[in-house]
Amino acid sequence: MPWKRPDNVPYPNVWWTFDAPDPDREDGTLVTYRVEDLTEDRFEDAIKLYTENFLDDEPLCSYGRVRHNELSYEEIVKFWVYVFNERMTVACYKEGSKELVGANLLSVKSASDKVDLADLITSESMQKLVAVNEYMTDTVNLFEKFGVDKYLAAYGLSVNSRYRGRGIATEILKARRPICRAFGLRLTSTNFTAIGSQIPAAKIGFITDLEMPYNEFVKVDPTYTFEGIKSKSIKLMSLVIE
């Protein structure tokens, strides 16, 4: 049976707050930001954030031109909404503003889950993206390696381009610890596809379980070619929650 968010954990909830420079101030003044549950009234804003600040930057989505292929884009938006509805995705806001600063698509993955994306994903570029990510997690088998029956997974970290260069991605990742503790999860793991997310993950304690250069995926499947992709490798990285 798929994991469902328990009712005893408040929703929506603020998981993390931090201070960082305000892009609307030239003097470098710090302002408080908060990382909290994404609510349904902001789903459309989150879709806009990911469309404009993720699809053309994230290596696999950019390489597959997901934003520019009608079917692929339709499929990824459906997937985002599917994940949003699990009520685990977090959004980042600047105090005093409703602008979406960033977001992280989160989902609890259980060993007993048998989710079949075949009906949801049919376009070639999206099938390739899913296959690469599944190869990483299947190869490592996180459930066995860490002795858990569920963990907090993620499917995309996005920061509004206007707010980049302020350590926002690192702070959003820091929210994983309190989130996991609240839900009794001892592990969070993610396929980080670009150096821009791999570095922040390492900063807060994520360790690399498996690194795969993109140019070596042809050894897994001859159709998995990524010539000219905007990244060197993909890393499956995990953080054990003490």
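Residues numbered from 1 in each chain as written. Predicted model: local features only at pLDDT ≥ 70, side-chain atom pairs only at ≥ 80, totals over all residues. Heavy atoms only, no water.

As recorded by an unreviewed UniProt entry, the protein carries the name N-acetyltransferase domain-containing protein and is attributed to Anopheles dirus.

Quick notes on the overall build of the protein
Within the protein, the secondary structure is distributed over eight helices and eight strands. C-alpha atoms of the protein, sized along the principal axes, occupy 50 × 40 × 30 Å. Put simply, 73% of the contacts in the protein that link residues at least 6 apart link residues at least 24 apart. When the accessible surface of the protein is totalled, it reaches about 12,000 Å², and 49% of it is carbon and sulfur. A gap of 4 Å separates the mean positions of the 30 positive and 37 negative side-chain charges of the protein. (Helix = DSSP H or I, 4+ residues; strand = E, 2+ residues; numbered from the N terminus. Contact = heavy atoms within 4.5 Å. Areas by Shrake-Rupley, 256 points an atom, 1.4 Å probe, with all protein chains shown as cover. Lys, Arg positive; Asp, Glu negative; His and termini not counted. Charge placed at Lys NZ, Arg CZ, Asp CG, Glu CD.)

Looking at the packing of aromatic side chains
Under the definition given, this model contains 15 aromatic pairs. Geometrically, the ring pair formed by F143 and Y151 is tilted, given 5.4 Å between the ring centres and 50° between the ring planes. Between F192 and F206, the aromatic rings sit 5.4 Å apart at their centres with planes inclined by 85°, giving edge-to-face as the arrangement. In this pair, F192 sits in strand β6 (residues 187-192) while F206 sits in the loop between α8 (195-203) and β7 (207-213), placing the two residues 14 residues apart along the sequence. Looking at F206, the relative accessible area reads 5%, which means it is buried. Taken together, Y63, Y135, Y214, F217 and F226 form an aromatic cluster joined through their ring pairs. The ring of Y11 carries R87 above its face, with NZ or CZ at 4.5 Å from the centroid. The ring of F226 carries K128 above its face, with NZ or CZ at 4.6 Å from the centroid. (Phe/Tyr/Trp six-rings, centres within 6.5 Å; stacked < 30°, edge-to-face > 60°. Buried < 20%, exposed > 50% of the residue type's maximum accessible area, 1.4 Å probe, protein only. Lys NZ or Arg CZ within 6 Å of the ring centre and 35° of its normal.)

What about the side chain of S231?
With respect to the helices, strands and loops of the structure, S231 is situated in the loop between β7 and β8 (233-240). A distance of 3.0 Å separates a polar side-chain atom of S231 from the backbone oxygen of T193. The residues contacting S231, other than those within four sequence positions of it, are P59, T193, A194, I195 and Y214. (Polar contact = N/O pair within 3.5 Å; in protein donor to acceptor, adjacent residues only side chain to side chain.)

Notes on the pairing of strand β4 (residues 100-110)
Burial runs high along β4: 10 of the 11 residues are buried. Sheet topology note: the strand β3 (residues 90-94)/β4 ladder contains four bridges and is antiparallel. Looking across to β4, one finds that V90 is bridged to N104. (Pairing = 2+ DSSP bridges.)

What about the sheet that holds β3?
Strands in a sheet are paired, the pairing made by backbone hydrogen bonds, and the direction either parallel or antiparallel. Ordered by their spatial adjacency, eight strands build an open sheet running β1-β2-β3-β4-β5-β6-β8-β7, and the pairing between neighbours is mixed. Because the sheet does not close on itself, it has two edges, and the strands there are β1 (14-21) and β7. This sheet shows a mean twist of 20° between the axes of neighbouring strands, independent of strand direction. Here β4 pairs with strand β5 (residues 150-159) via eight bridges, running antiparallel. When the sheet's bridge partners are listed, S107 is paired in β5 with A153. Lying on the sheet, α8 is in contact with β6 and β8; it crosses β8 at an angle near 25°. (Axes fitted to C-alpha atoms, helices over the stretch in contact; angles between N-to-C directions.)

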